[in-house]
Amino acid sequence: MQILDKMKMQRKEKDDGPRPPEQPISWVEISNSVSCQYRFQPDGKLLVKMVDDSRPAAQRMAESFLNKFFPSGYPYSVNEGYMRYTQFRALQHFTSAALSVLSTQSLLFAAGLRPTPAQATAVSWILRDGMQHVGKLICSNLGARMDSEPKRWRILADVLYDFGTGLEVMSPLCPHLFLEVAGLGNFAKGMAVVAARATRLPIYSSFAKEGNLSDLFAKGEAISTLFNVLGLGTGIHLASTICSSMQGKLVVAPLLSIIHIYSVCEEMRAAPVNTLNPQRTAMIVADFVKTGKISSPADLRYREDLLFPGRLIEDAGKVKVGRSLHEVVRPSKLQQFKETFPEEKFLLNHGSQWTDMILEQNATGEDALRGWLVAAYASNMERLVHEPSANILQEAYYKMNCTFSPFLAELQAKGWHTDQFLDGTGNRFAF
């Protein structure tokens, strides 16, 4: 027993002795010819160290460019169309920057100066402090319309910008009207700046896929800055050579403007905006009523009318949204319209040429979809029977209730945001 007790005591003394410090856990991962060592520190932090990189130099440069100018995880972290959007966004900023150098140089010529191309940026800051701020203030009142149609207003912003730039380019032809031409040009450019900035977030949001909106925004602005710098350099070169004369500017400036507007149109066509506005809602309902299928934002992007979005779609019931209540409903019939769909947040006036829909003040995208489906079903039923029926709205309402739940579930699964309906400055009612 004494020998056993001594052995236990010795084993316990060994167990109680000082232990060596724990080594950090580490491992090596190899992916695409790149070996990286991953190591957990005692405080729980993960350190990553590149051990070996056997990729060709061209591939390393390409991936470095992607890391700096594209969101993390690209292309899996963004929605469809982002590459095309980015390509034309780069071309848009390149041509815009080059055009701005030519316009500023022309303003200096019109003011009686004969500057070098490098001086062409000085006067732009002075001119922006005047009429441009007035344009910004006026355009800032149109924010609700920009939320509803961000693509249209983004294109309009660049058209206004090129109009203002065009006036500046032509200012040497009428130097006695320098202040008027320069002021009007910067007034248009001020409106363009506000519209472009206001529509930037909805466009970026349409590409965000994994809650990475900030990353998308930062990388998008990095690309814009890079191609703005390249465009400025090209503009300075053009101002020193081909465009040193007025004749050269009148040839090059329209070409740059055409490329600029084309680029922004292609950008907007590539953006899969997933919010509900009157045009997109009508297209969704028309596709569903006609084929039974739900179109995704990517499906609809190339079918949107970016310049005239207010057209009525027959398969969607020819619905007009946003007219004033007193224009649609006579006071004597208001109670009758309220009792047609007492539990809904919309009123429908089904006419011979179109259907007016007026939304309640707190109506959501789901309420607008319900009303739109009723109007579409009623219009289709009317075409089938070839004569109006007093109960046609009630029959359409019953059909809508039978199909709405699966319709809404599939709509949300396709990526549409149904919590809001962006009808711009459309009128709504509240009792």
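Coordinates for the structure precede this section.
Parameters and conventions
By convention here, each chain's residues receive numbers from 1 onward along its written sequence. Where totals are concerned, whole chains, interfaces and linings use all residues; where local detail is concerned, this predicted model gives features only for residues with pLDDT of at least 70, and gives and counts side-chain atom pairs only at 80 or more. In computing side-chain properties, one takes all heavy atoms of the structure into account and sets aside hydrogens as well as water. Salt bridges are identified by distance alone: a Lys or Arg side-chain nitrogen within 4 Å of an Asp or Glu carboxyl oxygen. The numbering of helices and of strands both runs from the N terminus, where a helix is a DSSP run of H or I of at least 4 residues and a strand a run of E of at least 2. Buried residues are those whose accessible area, probed at 1.4 Å on protein chains only, stays under 20% of the maximum for their type, while exposed residues exceed 50% and partly exposed ones sit between those limits. The rule is short: rings of Phe, Tyr and Trp, with Trp giving its six-membered ring, pair when the centres are within 6.5 Å, and they are stacked under 30 degrees, edge-to-face over 60, tilted in between.

Visitor: Any chance you could explain the pattern of salt bridges here in plain terms?
Guide: Pairing is possible between side chains that carry opposite charge, provided their charged atoms lie close to one another. Counted by the stated rule, this structure contains 15 salt bridges. A salt bridge links Arg 301 to Glu 80, with the nearest nitrogen and oxygen atoms 3.0 Å apart. Separated by 221 residues along the polypeptide, Arg 301 in the loop between α12 (297–300) and β5 (319–321) and Glu 80 in the loop between α2 (57–69) and α3 (82–110) bring together distant segments of the chain. The class for Arg 301 is buried, based on a relative accessible area of 6%. Glu 80 gets classed as exposed once you look at its relative accessible area, which sits at 52%. Taking the shortest distance from any N to any O, the salt bridge between Glu 221 and Arg 200 comes out at 3.5 Å. A residue pair is termed long-range when its members are at least 10 positions apart, and Glu 221 in helix α9 (residues 213–240) and Arg 200 in helix α8 (residues 178–207) qualify at 21 residues. With relative accessibility at 22%, the residue Glu 221 sits in the partly exposed group. One network of salt bridges, in which partners are shared, links Arg 84, Glu 266 and Arg 269.

Visitor: Please explain the packing of aromatic side chains as it appears in this structure.
Guide: What describes a pair of aromatic rings is the distance from one ring centre to the other and the angle between the planes of the rings. Evaluation of the coordinates by the stated rule reveals eleven aromatic pairs. Between Phe 404 and Phe 407 the ring centres are 6.0 Å apart and the planes differ by 45°, which places this aromatic pair in the tilted class. Here Phe 404 and its partner Phe 407 are both found in helix α16 (residues 392–413), three residues apart, which amounts to about one turn of the helix. Phe 404 gets classed as buried once you look at its relative accessible area, which sits at 5%. On the basis of relative accessibility, which here comes to 1%, the residue Phe 407 falls in the buried class. By way of ring pairs, the aromatic residues Tyr 82, Tyr 85, Tyr 204, Phe 207 and Phe 217 are connected into one cluster.

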